[in-house]
Amino acid sequence: MKKFRDVNVKTTLTEELTLEQFHSELVRLMREENANHYGMGQLYNRAVEKKLAEAAGYKNVLDYLSKKLPDLSNTSLRRYAAVAASFDEKTAVRFGVTCLELLLTYKEVADLKIDHAEPGGTVIEVPGENGAVTPKAFSACSVDEMRRAIQRKRKPASSKPLPEEDLALANQYQEALSGQFPKGVVVKTLVRNEKGSAVLDITSIPVRQVPTLLNALAAVVPPEGEAK
């Protein structure tokens, strides 16, 4: 666990803590965390754009990170990168990197358009415990509600469940594409259940970005002979 070194928090804890201080400190820490994650995503996108790792002899940025920063979660970093490629920092601080990443996923599975400058008004269909669906503005949705809304939209067309290994592989491919394309290029990926088989749809790829798609997938596709 990361050591707590925030000077302001330490000062607050040594004083008689009030509810107002509790609230303001939590809000500040949340904002800083979102800003830091957003900045990490920006750095990742710039490194990919400049091909810094390739110029130094690495396969790609992820290959470099796996060797130089093995403790850093590549999955989380790609999610930060996807948010940084789609929203500005002010929006990331306001809504949170995690919620915005879930909004991008909901956008794909629900096939809808969002206002990247003001995403708060996006209508999310949130299922309740009894199955009833309640339309809510994205700004009013929690992380749990966003995940339930995504799960509902991903409801399989087949009653036969998808194999866990297929879902994991599809998710790996989806994550490999996150943050790989220039800002403004929104490539859609969707996992479907087609008669019990996992099908990955990849659409809206500009012709000039096909090499980017191939390079991103090549980083995670198992070598021939290892694939099941």
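All values derive from a computational prediction rather than experimental measurement.

Undergrad: How would you summarise the overall build of the chain if you had to cite specific residues and measurements?
TA: Scanning the chain from N- to C-terminus turns up ten helices and four strands. Of all 228 residues assigned to the chain, the portion counted as buried reaches 34%. Pairs at least 24 residues apart make up 53% of the contacts formed inside the chain by residues separated by at least 6 positions. Carbon and sulfur atoms provide 53% of the accessible area of the chain, an area that totals close to 14600 Å².

Undergrad: Report on the side chain of Thr 122, specifying residues and quantitative values.
TA: Assignment of secondary structure puts Thr 122 in the loop between α7 (97-110) and β1 (123-127). Setting aside residues up to four positions removed in sequence, Thr 122 forms contacts with Leu 103, Leu 112, Ile 114, Lys 136, Ala 137 and Phe 138.

Undergrad: Outline the packing of helix α5 (residues 74-86) against α7, listing residues and values.
TA: Packed helix pairs are specified by the crossing angle of their axes together with the interaxial distance, meaning the distance between the axes. Between α5 and α7, the shortest axis-to-axis distance is 9 Å and the interhelical angle comes to 80 degrees. Our classification of the angle between α5 and α7 gives roughly perpendicular. Contacts from Arg 79, Tyr 80, Ala 82, Val 83 and Ser 86 of α5 reach α7 at Val 97, Leu 100, Glu 101 and Leu 104. Grouping the amino acids of the contact of α5 with α7 by side-chain chemistry returns six nonpolar, one polar and two charged.

Undergrad: I'd like a rundown of helix α4 (residues 61-68), residues and numbers included.
TA: All buried positions along α4 are accounted for by Val 61, Leu 62, Asp 63 and Leu 65. For α4, the N-terminal cap is Asn 60; the gap from its side-chain oxygen to the backbone nitrogen of Leu 62 is 3.1 Å.

Undergrad: Give a detailed account of the environment of Leu 167, specifying residues and quantitative values.
TA: Tracing the sequence through the fold places Leu 167 in helix α9 (residues 164-177). Distance in space between the C-alpha atoms of Leu 167 and Leu 200 is 9.7 Å, their sequence separation being 33 residues.

Undergrad: I'd like a description of the pattern of salt bridges, backed by residues and values.
TA: One pass over the structure, following the stated rule, counts six salt bridges. A salt bridge links Lys 67 to Asp 63; the shortest N-O distance between them is 2.4 Å. With Lys 67 and Asp 63 both in helix α4, this residue pair falls four residues apart, about one helical turn. A salt bridge links Lys 153 to Glu 125; the shortest N-O distance between them is 3.1 Å. Taken together, the residues Lys 153 in helix α8 (residues 143-153) and Glu 125 in strand β1 connect sequence positions 28 residues apart. Lys 153 sits in the partly exposed class, given a relative accessible area of 29%. When its relative accessible area of 28% is taken as the criterion, Glu 125 is described as partly exposed. Three or more residues joined by partner-sharing salt bridges are found here, namely Glu 125, Arg 152 and Lys 153.

Cut-offs applied
- Residues numbered from 1 in each chain as written.
- Predicted model: local features only at pLDDT ≥ 70, side-chain atom pairs only at ≥ 80, totals over all residues.
- Heavy atoms only, no water.
- Helix = DSSP H or I, 4+ residues; strand = E, 2+ residues; numbered from the N terminus.
- Buried < 20%, exposed > 50% of the residue type's maximum accessible area, 1.4 Å probe, protein only.
- Contact = heavy atoms within 4.5 Å.
- Areas by Shrake-Rupley, 256 points an atom, 1.4 Å probe, with all protein chains shown as cover.
- Axes fitted to C-alpha atoms, helices over the stretch in contact; angles between N-to-C directions.
- Parallel < 35°, antiparallel > 145°, perpendicular 65-115°, else oblique.
- Nonpolar A, V, L, I, M, F, W, Y, C, P; charged D, E, K, R; others polar.
- Polar contact = N/O pair within 3.5 Å; in protein donor to acceptor, adjacent residues only side chain to side chain.
- Salt bridge = Lys/Arg side-chain N within 4 Å of Asp/Glu carboxyl O.

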